[in-house]
There are 2 protein chains.
Amino acid sequence: MTEIKIKKSAYHLNDEIAAKNHAELRKHGIFALNVMGAPGSGKTTLLENILPELLSAYKTAVIEGDLATENDAERIRKTGVPAYQINTNGGCHLDAKMVEKELKKIDLDQTELIVIENVGNLVCPINFNLGEDLRIVVLSTPEGEDKPLKYPPAMMKTDAVVISKTDIAPYMDIDPEVIKKNILQINPKVCILEAGKINGVYQKDAVVAFLKDSIEKHQAR
Amino acid sequence: MTEIKIKKSAYHLNDEIAAKNHAELRKHGIFALNVMGAPGSGKTTLLENILPELLSAYKTAVIEGDLATENDAERIRKTGVPAYQINTNGGCHLDAKMVEKELKKIDLDQTELIVIENVGNLVCPINFNLGEDLRIVVLSTPEGEDKPLKYPPAMMKTDAVVISKTDIAPYMDIDPEVIKKNILQINPKVCILEAGKINGVYQKDAVVAFLKDSIEKHQAR
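Because the structure is a prediction, the values reported are computed rather than measured.

K.L.:
Where do I start with the nonpolar core in this structure?
P.N.:
Across soluble globular proteins, nonpolar side chains show a tendency to be buried alongside one another. A:Ile116, A:Val162, B:Ile116 and B:Val162 are the most contacted members of the largest nonpolar core, which has 111 residues in total. Those residues in contact with B:Ile116 that sit more than four places away from it in its chain are B:Ala32, B:Leu33, B:Asn34, B:Val35, B:Ile63, B:Leu94, B:Val99, B:Leu130 and B:Glu132.

See the structure below:
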């Protein structure tokens, strides 16, 4: 029983800092996106592909979360977007306090969009608000057709699910339509997008359009 | 600071129950294997392929860990091995107490090998001993070449890493040799095995041989 009390308190504490982050971001008119998904689901690859388009429309910065290495931040910087790497040193998710600390390094007056790539984990990050406006979960086809049913919180507590690596599905006897059906069984209202290569070209347009639309709606508020 | 104290205490409490589980298993001459890896890394597929061979040598039972559904236990039962499904209801790892409860359902006098498939998560399960004799981490090639560097605890705290879905690697421009090099950079002593399809046939022999060898050494003790 003690443990449950502690957990609630940890979430509560996190929510308080997340609300402060959100207020700070709103004050500067910044839209924040939290990108989650299993290790290797293709979160960084998605960002590499959509960031050039987003950067042409918004002043953008990226916060990268990983247990170890600066690898992902380095990949992001090659797109021209400044990237700030958080190393959790074994921690399984980003929390609002880590993001609060990173926000202090960013020139918020010169920023319109902050993309946060969470630690690769389809479970824990879902429970920690960071102060974001929008959530995306990346789910890759090689993870299997029944993944949405086995990880329901990740499907429920997100605005959109991006099904990635659709080009690999035929080689694995995996049907993206079954994945979609299973996502909608858990969350009938979620937006489902696809991202994979066609003839070697990464299909990013649906995700970019969804994000631009979400940002416009947010700015109009 | 309070939070750190609580965490240590939770690990300590888990270790105590894990030691009890281990003593109980040893009393019955049972070898226990803990299989970990990211969502969709191919843990259940590996078990489906190796269990028939293990079953012909040892009286085997499987404990399945998932956030939700009985899907994996049902897949395992088709191999002829009895499977006990734990649903963590959102929990990100199995702990020793969950396994202790499950062990009471199994006829330990009629069991020689227990295989525990953990929740799909490359971070949290690593920190929770269940009372097992051996650990395997399954790492699938679509997760990417740099995954070992980004998830060092999973590489350090395991006896073997099984690189799965090697047949998909060429379609994704991923080199399993680079994955191996990165695993060994983190843990030079770990055993690395491969599992993937060749001409449509799952290559299970290396994993089966490694497990049989580990079990024999354990029995000789």
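From this point, the discussion proceeds with the structure in view.
K.L.:
How should helix H4 (residues 96-103) of chain A be read in this particular structure?
P.N.:
Residues that lie three or four places apart on an α-helix share one face, since the helix turns once every 3.6 residues. Of the positions making up H4(A), those classed as buried are A:Ala96, A:Met98, A:Val99, A:Glu102 and A:Leu103. Buried residues of H4(A), seen end-on, are gathered within an arc of 160° and therefore sit on one face of the element.

K.L.:
What exactly am I supposed to notice about the packing of helix H2 (residues 43-57) of chain B against helix H8 (residues 205-220) of chain B here?
P.N.:
Geometry of a packed helix pair, given as the angle between the helix axes and the separation of the axes. Residue and element names in this part refer to chain B. Their axes nearest at 10 Å, the elements H2 and H8 cross at an angle of 45°. In terms of orientation, H2 lies oblique with respect to H8. Crossing geometry of H2 relative to H8 is assigned as right-handed. Here Leu 46, Ile 50, Glu 53, Leu 54 and Ala 57 of H2 lie close against H8, whose contacting residues are Val 207, Val 208, Leu 211 and Lys 212. The residue inventory of the contact of H2 with H8, partitioned by class, reads seven nonpolar, no polar and two charged.

K.L.:
Explain the interface of chain A and chain B here, please?
P.N.:
If you look at the interface, chain A gives 32 residues, while chain B gives 32 residues. Elements with a contribution of two residues or more to the side of chain A that touches chain B: helix H1 (2-27), helix H5 (147-150) and helix H6 (152-156) of chain A. Per-element accounting of the side of chain A that touches chain B gives the leading share, three residues, to H5(A). When its residues are assigned to classes, the side of chain A that touches chain B shows 18 nonpolar, eight polar and six charged.

K.L.:
Where do I start with unusual backbone geometry in this structure?
P.N.:
All names here are of chain B. The backbone of Asn 89 sits at a positive phi, close to 50°, despite the residue not being glycine. Relative to the elements of secondary structure, Asn 89 occurs in the loop between strand E3 (83-87) and helix H4 (96-103). Overall, the presence of 10 C-beta atoms within 10 Å leaves Asn 89 in the exposed class. With phi around 55°, Lys 165 is a residue other than glycine that occupies positive phi space. In this fold, Lys 165 is placed in the loop between strand E6 (160-164) and helix H7 (176-186). Given 27 C-beta atoms within a 10 Å radius, Lys 165 is considered buried.

K.L.:
Any chance you could explain the sheet that holds strand E1 (residues 31-37) of chain A here in plain terms?
P.N.:
Note on sheets: strands pair through backbone hydrogen bonds, and any given pair is parallel or antiparallel. Residue and element names in this part refer to chain A. The strand order across the open sheet formed by seven strands is E3-E2-E4-E1-E5-E6-E7, and the pairing between neighbours is parallel. The open sheet has two edge strands with one neighbour each: strand E3 (83-87) and strand E7 (191-195). Taken pair by pair, the neighbouring strands of this sheet meet at an average axis angle of 20°, ignoring direction. Sheet topology note: the E1/strand E5 (residues 134-140) ladder contains five bridges and is parallel. For Asn 34, the partnering residue across the bridge sits in E5 and is Arg 135. Lying over the sheet, H4 contacts strand E2 (60-66), E3 and strand E4 (113-117), oriented at roughly 145° with respect to E3. Lying over the sheet, helix H8 (residues 205-220) contacts E1, E4, E5, strand E6 (160-164) and E7, oriented at roughly 140° with respect to E7.

K.L.:
Is there a simple way to explain the environment of A:Asn118 in this structure?
P.N.:
Residue and element names in this part refer to chain A. Mapped onto the elements of the fold, Asn 118 is located in the loop between E4 and E5. The class of Asn 118 is buried, set by 28 C-beta atoms lying within 10 Å. A sequence separation of 55 residues divides Asn 118 from Ile 63, and the C-alpha atoms of the two residues are 8.4 Å apart. Setting aside anything within four residues of it in sequence, one finds Asn 118 in contact with Asn 34, Val 35, Met 36, Gly 65, His 93, Leu 94 and Pro 125.

What counts and how
- Residues numbered from 1 in each chain as written.
- Chains lettered and ligands numbered in written order.
- Predicted model: local features only at pLDDT ≥ 70, side-chain atom pairs only at ≥ 80, totals over all residues.
- Core = buried A, V, L, I, M, F, W, Y, C linked by C-beta atoms within 7 Å.
- Buried ≥ 20, exposed ≤ 12 C-beta atoms within 10 Å, placed from the backbone.
- Contact = placed C-beta atoms within 7 Å.
- Helix = DSSP H or I, 4+ residues; strand = E, 2+ residues; numbered from the N terminus.
- Arc of directions from axis to C-beta.
- Axes fitted to C-alpha atoms, helices over the stretch in contact; angles between N-to-C directions.
- Parallel < 35°, antiparallel > 145°, perpendicular 65-115°, else oblique.
- Left-handed = near helix turned anticlockwise from the far one by under 90°.
- Nonpolar A, V, L, I, M, F, W, Y, C, P; charged D, E, K, R; others polar.
- Pairing = 2+ DSSP bridges.

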